[in-house]
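Notes for the structure review
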Amino acid sequence: SLYNEVRHAARVSLQEHGVEVLYEDDAIIVVNKKSGLPVVGTGKSAGRAVNIDKKGSKASLNSQRKEVTVYSILCDYIRTKNHADRMSASERLPWRPNNVFVVHRLDRDTSGLTVIAKHLISSSILSSMGARHEIKREYLAIVRGSVTPPSGTIDAPLARTGSSMIERKVDFEHGERAVTHYKVLERFKNATYVECRLETGRTHQIRAHLASVG
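Criteria and cut-off values
Residues numbered from 1 in each chain as written. Predicted model: local features only at pLDDT ≥ 70, side-chain atom pairs only at ≥ 80, totals over all residues. Heavy atoms only, no water. Salt bridge = Lys/Arg side-chain N within 4 Å of Asp/Glu carboxyl O. Helix = DSSP H or I, 4+ residues; strand = E, 2+ residues; numbered from the N terminus. Expected span 1.5 Å × (residues − 1). Buried < 20%, exposed > 50% of the residue type's maximum accessible area, 1.4 Å probe, protein only. Pairing = 2+ DSSP bridges. Arc of directions from axis to C-beta. Contact = heavy atoms within 4.5 Å. Core = buried A, V, L, I, M, F, W, Y, C linked by side-chain atoms within 4.5 Å.

**What about the pattern of salt bridges?**
- Per the counting criterion, the structure on display carries seven salt bridges.
- Of the charged contacts in the structure, one is a salt bridge between arginine 132 and glutamate 134, with a shortest N-O distance of 2.9 Å.
- Linked by salt bridges that have partners in common, Glu24, Lys81 and Lys118 make up one network.

Here it is in structure tokens:
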């Protein structure tokens, strides 16, 4: 049916952008994203900037191609699914939002699972669970050098070191509490494969914590 074809096309479009839906219900979507794809935008368009010096031109984001993110891709996905549901319904369906709500983010260059809320209620519940540390976050990373001891906990506050949000370092005087539990999985000649479990979710926490211990 056309309904199934539209929903299948929506899934195919996700995969083409590097997003795979692993679980979905009425409240949340769990997706696996590829490396290099940001979860949310940076505020900059992915298209060419408008030349505002040129007479008659208008500096409008609508005239530029939007930045491709997990958020924008999933909004398009939800919009397409809602359209398919309206096409197949025998009666008029109530309005449903076409946007989603980002609960937590992965760095652009990090691949892996992220949970997206489909409405404000599930977003609020998941945010509260995160604040109470009821959501476990585990990461796998290959780091330069030899990590010793083979397992441990880094409990060191992190603070910004410059104008950029990603410039972080350990700062016991001004930093926010950050806790990383790590375990060595395999050693290589000049690198170590580690598993990290985070109690907190500071920006670039794993990179900054492991760098702080050499």
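Following the structure, the description resumes.
**Focus on helix α2 (residues 70-88)**
- Under the 1.5 Å per step criterion, the end-to-end length of α2 is 27 Å for 19 residues, consistent within 8% with the ideal 27 Å.
- Among the residues of α2, those classed as buried are Val70, Ser72, Ile73, Leu74, Cys75, Tyr77, Ile78, Lys81, Asn82, Ala84 and Asp85.

**Considerations on the sheet that holds strand β2 (residues 28-33)**
- The strand order across the open sheet formed by four strands is β1-β2-β4-β3, and the pairing between neighbours is antiparallel. Of all the strands in the sheet, the pair left with one neighbour each is β1 (19-24) and β3 (101-102).
- For β1 and β2, the ladder comprises five bridges, and the chain directions are antiparallel. Opposite glutamate 24, over in β2, you have isoleucine 29 as the bridge partner.

**Points about helix α3 (residues 120-131)**
- With 12 residues, α3 ought to run about 16 Å at 1.5 Å a step, and its terminal C-alpha atoms sit 16 Å apart, in line with that.
- If you check which residues of α3 are buried, you get Ser122, Ser123 and Leu126. Burial along α3 is one-sided: seen end-on, the buried residues are contained in an arc of 100°. Turned more than 90 degrees from where α3 packs its buried face, Leu120, Ile121 and Ala131 sit exposed.
- In this fold, the buried residues of α3 make contact with β2, β3 and β4 (112-117).
- Just downstream of α3, histidine 133 is the residue with a positive phi angle, here 60°.

**Some remarks on the pairing of strand β10 (residues 191-198)**
- Examined bridge by bridge, strand β5 (residues 137-144) and β10 share eight bridges and lie antiparallel to one another. Residue tyrosine 139 lies in a different strand from β10, and its bridge partner there is cysteine 196.
- Across seven bridges, the pairing between strand β9 (residues 179-187) and β10 is antiparallel. In the sheet register, threonine 180 faces β10, and the bridge partner there is leucine 198.

**With respect to the nonpolar core**
- In this structure, Leu74, Tyr77 and Val194 are the most contacted members of the largest nonpolar core, which totals 30 residues.
- Of all elements in the fold, only α1 (2-16), β1, β2, α2, β5, β9, β10 and α4 (205-212) reach the threshold of two or more residues within this core.
- Broken down by element, this core gets its largest block of residues, six residues, from α2.
- Residue contacts for leucine 74: discarding those within four places in its chain leaves Leu14, Val31, Val100 and Ile116.

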